[in-house]
Amino acid sequence: MISFQTVSLRYGDKQVLDQFTLDIPTDQITCLHGPSGSGKTTLLRILAGLVTPDSGTITGRPQKPAMLFQEDRLLPHFTAAENIAAVLPKSQAAEARIWLDRVGLAQDAALHPGELSGGMCRRVALARALAYGRDFLLLDEPFTGLDMALTEQMAALIRKTGLPALVVTHSLAEIELLGGRLLAVDGPPLRVSNA
């Protein structure tokens with residue numbers, strides 16, 4: 001169980017978290033659903049170790065989380081396969097093509113991000129996060145740019161990994177596809193209305 005206990009964080013004059021308390025299971029997919037700017041992404045960034053709260057405690061934090069950012073963050077001079085291989089041990093670099101096949105891009109392994117559509121880049125970024133996935137997935141709007149058929153396929157792939165996850169999404173349909181526990185949020189500061 002990941003436990004946020006009276007966690008506060010301020011960006012300038014904006015209070016993003018104010019004495020925020022929440023328990024997040026580490027044995028299932030949990031989905032944060034709410035308006036833009038409410039603090040959902042900040043929560044992911046804290047768990048990834050990219051942001052340090054001003055006060056409060058967090059226990060049970062994942063030791064080796066994989067994060068999919070809102071932006072794809074692909075390395076432009078690497079091919080699709082090389083982008084995935086970059087997070088794998090050298091001895092497992094060949095698995096990059098397996099992950100590309102799982103997201104329906106096996107034939108595009110040698111293409112660079114600039115040669116791929118936005119939806120294709122998103123799938124490469126998702127494949128990279130899943131390939132790296134160690135003990136917990138932090139997924140920020142994982143299906144951006146994907147049509148419903150691809151969203152269904154990618155949601156099934158995420159479920160198939162069996163990894164617990166915290167997913168930020170604006171779509172209730174995506175939450176249903178992921179089979180995740182819904183946490184409706186509002187803010188700032190971030191508040192959970194159905195924890």
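Notes on the structure follow. (Residues numbered from 1 in each chain as written. Predicted model: local features only at pLDDT ≥ 70, side-chain atom pairs only at ≥ 80, totals over all residues. Heavy atoms only, no water.)

## Thoughts on the pairing of strand β6 (residues 136-140)
1) Next: The element β6 is extensively covered by neighbouring structure, given that five of its five residues are classed as buried.
2) Next: Burial of β6 is two-sided: the residues Phe136, Leu138 and Asp140 facing one way and the residues Leu137 and Leu139 facing the other way are all buried.
3) Next: With four bridges connecting them, strand β5 (residues 65-68) and β6 associate as parallel partners. Bridged to methionine 67 within β6 is leucine 138.
4) Next: Where β6 and strand β7 (residues 165-169) come together, four bridges link them in parallel fashion. Residue pairing across strands places aspartate 140 opposite valine 168, the latter belonging to β7.
5) Next: One crossover worth recording links β6 to the parallel β7 by way of helix α5 (residues 148-161), and it is right-handed. (Buried < 20%, exposed > 50% of the residue type's maximum accessible area, 1.4 Å probe, protein only. Helix = DSSP H or I, 4+ residues; strand = E, 2+ residues; numbered from the N terminus. Pairing = 2+ DSSP bridges. Right-handed = clockwise from strand over helix to strand, strands pointing away.)

## Some points on α5
1) Next: Given a rise of 1.5 Å per residue, 14 residues ought to cover 20 Å, and the 20 Å separating the end C-alpha atoms of α5 matches this to within 8%.
2) Next: Inspection of α5 places Leu150, Thr151, Met154, Ala155, Leu157 and Ile158 among the buried residues, and these make up the whole buried set. Looking straight down α5, one finds its buried side chains confined to an arc of 160°; they lie on one side.
3) Next: Each element contacted by the buried residues of α5 is listed here: β3 (29-33), α3 (95-102), α4 (118-132), β6 and α6 (172-178).
4) Next: The opening residue of α5 is aspartate 147, an N-cap whose side-chain oxygen sits 3.3 Å from the backbone nitrogen of alanine 149.
5) Next: A positive backbone phi angle near 75° is found at glycine 162, which sits one or two residues after α5. (Expected span 1.5 Å × (residues − 1). Arc of directions from axis to C-beta. Contact = heavy atoms within 4.5 Å. Polar contact = N/O pair within 3.5 Å; in protein donor to acceptor, adjacent residues only side chain to side chain.)

## Re the sheet that holds strand β1 (residues 2-11)
1) Next: On the basis of which strands lie adjacent, the open sheet formed by three strands has the order β2-β1-β4 and antiparallel pairing. One side of each edge strand has no neighbouring strand; the edge strands of this open sheet are β2 (14-24) and β4 (55-59). For this sheet the average axis-to-axis angle between neighbouring strands, irrespective of direction, equals 20°.
2) Next: Helix α1 (residues 40-47) rests against β1, β2 and β4 of the sheet, and its axis sits at about 115° to β1. (Axes fitted to C-alpha atoms, helices over the stretch in contact; angles between N-to-C directions.)

## Points about unusual backbone geometry
1) Next: Cis geometry marks the peptide bond from glycine 187 to proline 188; its omega dihedral reads 0°.
2) Next: Here proline 188 lies in the loop between β8 (181-186) and β9 (191-192).
3) Next: Backbone torsion omega between proline 188 and proline 189 reads -10°, so that peptide bond is classified as cis.
4) Next: Look at arginine 73: it is not a glycine, yet its phi comes out positive at around 55°.

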